[in-house]
Amino acid sequence: MAAACFAGFLWGTGALVVNLLIQQHGFRPETISFWRFVVGSVVLLAVFGRPSLWSASRGHRLAVLGAGSCMALYVLCWFLGIERIGASIPTLIALCLPPVLVTAWAVLRGRETLDVRLFLLLASALGGTVLIVLRHGGGESSPTSDSVLLAGALFSVASALLYAGATFLTRRP
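Let me begin by describing the structure that accompanies this report. (Residues numbered from 1 in each chain as written. Predicted model: local features only at pLDDT ≥ 70, side-chain atom pairs only at ≥ 80, totals over all residues. Heavy atoms only, no water.)

### Notes on the overall build of the protein
Part 1: Looking only at helices and strands, the protein has 7 helices and 0 strands in total.
Part 2: In the protein, the succession of α and β elements from N to C terminus is α-α-α-α-α-α-α.
Part 3: The buried share of the protein, taken over its 173 residues, is 27%.
Part 4: Long-range contacts, defined here as pairs at least 24 residues apart, represent 80% of the contacts in the protein between residues at least 6 apart.
Part 5: Charged side chains in the protein number 12 positive and 6 negative. The centres of these two groups are separated by 19 Å. (Helix = DSSP H or I, 4+ residues; strand = E, 2+ residues; numbered from the N terminus. Buried < 20%, exposed > 50% of the residue type's maximum accessible area, 1.4 Å probe, protein only. Contact = heavy atoms within 4.5 Å. Lys, Arg positive; Asp, Glu negative; His and termini not counted. Charge placed at Lys NZ, Arg CZ, Asp CG, Glu CD.)

Encoded structure:
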């Protein structure tokens, strides 16, 4: 439980730290994302690098590689969104949209039944996210600020799509 709480704390503060590194220290999202995955890879190899685990994952290596690639690109897109529009909106989109996408995919595949309640839940989640993004861009309007908001929102949606993709790829492994 303590590890889960600490992981949640790190995830929750991660966007703020990235925003600070970009805005005040001039770091690029690509650099932050790269080093995040280098450090994470070293930690994962130290914890899970035993030969017995590698042989047990033999049938799932492609899925794991695909999921890892999705996660790396997810984080990069998330950081690019943060660079453009701050930490709150990209984080909101990255957290809220993947469950909607996974649920919509389950409905399309016939694994989930779309009833009125589920439809209202999905519509509310999407509608609320759109309203918050539009509210965020509701101040002074200029072509530059509108295009920056759109680019940040699109990078954030791409990050959510990639996170959902990683979820699909790791279903079996």
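### Let's talk about the nonpolar core
Part 1: Val18, Trp78, Phe79 and Ile82 are the most contacted members of the largest nonpolar core, which has 16 residues in total.
Part 2: Mapped by element, the contributors of at least two residues to this core are helix H1 (2-25), helix H4 (61-85) and helix H7 (143-169).
Part 3: No other element matches the 8 residues that H4 contributes to this core.
Part 4: Setting aside residues up to four positions removed in sequence, Trp78 forms contacts with Trp11, Gly14, Ala15, Pro90, Thr91, Ala94 and Ser159.
Part 5: Ile89, Leu118, Val133 and Ala160 belong to the second largest nonpolar core, which has 12 residues in total. (Core = buried A, V, L, I, M, F, W, Y, C linked by side-chain atoms within 4.5 Å.)

### Quick notes on helix H2 (residues 29-48)
Part 1: Compared with an ideal rise of 1.5 Å per residue, which puts 20 residues at 28 Å, H2 spans 27 Å between its outermost C-alpha atoms and is within 8% of the ideal.
Part 2: Within H2, burial applies to Pro29, Ile32 and Ser33. The arc that holds the buried residues of H2, viewed along the axis, is 90 degrees, so those residues lie on one side. Turned more than 90 degrees from where H2 packs its buried face, Val39, Val42 and Ala46 sit exposed.
Part 3: Looking at the packing, one finds that the buried side of H2 touches H1 and H4. (Expected span 1.5 Å × (residues − 1). Arc of directions from axis to C-beta.)

### Remarks on the packing of aromatic side chains
Part 1: Scanning the entire structure with this criterion turns up 6 aromatic pairs.
Part 2: Residues Phe34 and Trp35 carry aromatic rings whose centres are separated by 5.1 Å and whose planes lie at 80 degrees to one another, so their mutual orientation is edge-to-face.
Part 3: Ring geometry for Tyr74 versus Trp78: centroids 6.4 Å apart, planes at 5 degrees, classification stacked. Here the residue Tyr74 and the residue Trp78 both occupy positions in helix H4, the gap between them amounting to 4 residues, near one helical turn.
Part 4: Classification of Tyr74 by relative accessible area gives buried; the value is 3%.
Part 5: What makes Trp78 buried here is its relative accessible area of 3%.
Part 6: Site record: aromatic cluster; members linked through ring pairs are Tyr74, Trp78, Phe79 and Tyr163. (Phe/Tyr/Trp six-rings, centres within 6.5 Å; stacked < 30°, edge-to-face > 60°.)

### A word on a nonpolar patch on the surface
Part 1: Side chains of Val39, Val43, Leu44, Val47, Phe48 and Leu53 sit close together on the surface and give an oily, nonpolar patch of about 520 Å² of accessible area.
Part 2: If one sorts the elements of the nonpolar patch by residue count, H2 sits on top with 5 residues.
Part 3: Mapped onto the elements, Leu44 comes out in helix H2. (Patch = residues over 30% accessible without salt bridge, like charges linked within 9 Å, V, L, I, M, F, W, Y side chains within 5 Å. Areas by Shrake-Rupley, 256 points an atom, 1.4 Å probe, with all protein chains shown as cover. Salt bridge = Lys/Arg side-chain N within 4 Å of Asp/Glu carboxyl O.)

### Digging into the environment of Ser55
Part 1: On the secondary structure map, Ser55 appears in helix H3 (residues 51-56).
Part 2: Overall, the relative accessible area of 39% leaves Ser55 in the partly exposed class.
Part 3: For the pair formed by Ser55 and Glu83, sequence separation is 28 residues and the distance between their alpha carbons is 40 Å.

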